[in-house]
Structures are given as C-alpha cells and as structure tokens.
Amino acid sequence: QVQLVESGGGLVQAGDSLRLSCAASGRTFSSYDMGWFRQAPGKEREFVTGITRSGGSTHYVDSVKGRFTISRDNAKNTVYLQMNSLKPEDTAVYYCAALLRVGPPPAVAYWGQGTQVTVSS
C-alpha cells in the first residue's frame, strides 16, 4: 500500500510558476513509476506527465511540453511537478499517482487526493 499526499497548489496569475510536491509513504516508492494527472471542471482526468522509477525517462502531454518538468527524489519518497508559464487552461485539480508503468498508456496503482491549481487570466 502506498499513500500519496500532494501539496503546493494554489491561485496564481497567467505566466506565473508553481511547484507541486507529492510525498509517498512506505518503503516501496522507488519500485513505482510516478505520474501527474489533472482534471478540469466538466472534463475527464488526463495524464500530464510521468517519470520512470529511476528518474531516467520522462513523458509529457504535448500541451505542457517545455513548460512543466517532473522530477523525483527517491531518498525523500517525493515526486515534484514544476509548472512554469502557467495558462488559464492549466486550471484543474492535479493528482499524483503511483504507476505500474508510465506507458503509454499509464497504469495507475495508487492515487493521491488531489490539489487545486487555479490560473487567472
């Protein structure tokens, strides 16, 4: 069992930056690929980015390439999402996930509870 707790969400203006963190419990963090998903109001949850268990490979949805960066620190059981040049369309609840594989498609083993990111224009 892995428990995931996200933090770092908030309200920002377009063009600003935010860094989300996801802290994982348990000693098996490095056994999982990790990912971030988001769900905007009235839309389905979508994959945003993923990172392999060693951190050696990352994947991004086209809409965030060049703006978002995923990273992980296996010693701290934490995965990060650095979001730069934020746009109003990035507004969503962001979910951290422990993945059996990044894929595509990603295979989710565990979900976090989500953190709200709101970008005003």
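Residues numbered from 1 in each chain as written. Predicted model: local features only at pLDDT ≥ 70, side-chain atom pairs only at ≥ 80, totals over all residues. Heavy atoms only, no water.

Visitor: Please explain the packing of aromatic side chains as it appears in this structure.
Guide: Two numbers describe a pair of aromatic rings. These are the distance of the centres and the angle of the planes. One pass over the full model with this rule turns up four aromatic pairs. Consider the rings of F37 and W111, whose centres lie 4.9 Å apart with planes at 70°: the pair is edge-to-face. A residue pair is termed long-range when its members are at least 10 positions apart, and F37 in strand β4 (residues 33-39) and W111 in strand β10 (residues 107-111) qualify at 74 residues. Relative to W111, the ring of Y95 lies with its centre 6.2 Å away and its plane at 80°, an arrangement referred to as edge-to-face. With Y95 in strand β9 (residues 92-101) and W111 in strand β10, this pair connects stretches of sequence that are 16 residues apart. The exposure class assigned to Y95 is buried, which follows from its relative accessible area of 12%. (Phe/Tyr/Trp six-rings, centres within 6.5 Å; stacked < 30°, edge-to-face > 60°. Helix = DSSP H or I, 4+ residues; strand = E, 2+ residues; numbered from the N terminus. Buried < 20%, exposed > 50% of the residue type's maximum accessible area, 1.4 Å probe, protein only.)

Visitor: How should the sheet that holds strand β1 (residues 4-7) be read in this particular structure?
Guide: For sheets, the rule is that strands pair by backbone hydrogen bonds, running either parallel or antiparallel. Spatially, four strands are ordered β1-β3-β8-β7 in an open sheet, and the strand pairing comes out antiparallel. The open sheet terminates on both sides in strands that have one partner only, identified here as β1 and β7 (68-73). When the angles between neighbouring strand axes are averaged without regard to direction, this sheet yields 15°. Examined bridge by bridge, strand β3 (residues 18-24) and strand β8 (residues 78-83) share six bridges and lie antiparallel to one another. From the neighbouring strand, L20 faces β8, where its bridge partner is L81. (Pairing = 2+ DSSP bridges. Axes fitted to C-alpha atoms, helices over the stretch in contact; angles between N-to-C directions.)

Visitor: Just checking my understanding: could you explain unusual backbone geometry for this structure?
Guide: Peptide bonds are mostly trans, and most non-glycine residues show a negative phi. Residues G103 and P104 are joined by a peptide bond in cis, for which omega reads 15°. Take P104: it is sitting in the loop between β9 and β10. With an omega of -5°, the peptide bond running from P104 to P105 counts as cis. With respect to the helices, strands and loops of the structure, P105 is situated in the loop between β9 and β10.

Visitor: Is there a simple way to think about the state of the cysteines in this case?
Guide: Every disulfide links exactly two cysteines, by a covalent bond between their sulfur atoms. As enumerated under the stated definition, the model contains one disulfide in all. The disulfide bridge from C22 ends at C96, spanning 2.1 Å between sulfur atoms. Here C22 and C96 share a disulfide; its torsion about the S-S bond, -80°, makes the bridge left-handed. Here C22, found in strand β3, pairs with C96, found in strand β9; they are 74 residues apart in sequence, far enough to count as distant. Just as C22 is buried, C96 falls in that class too. (Disulfide = S-S within 2.5 Å.)

So, to be careful, I would describe these as geometric facts and stop short of saying anything about function.
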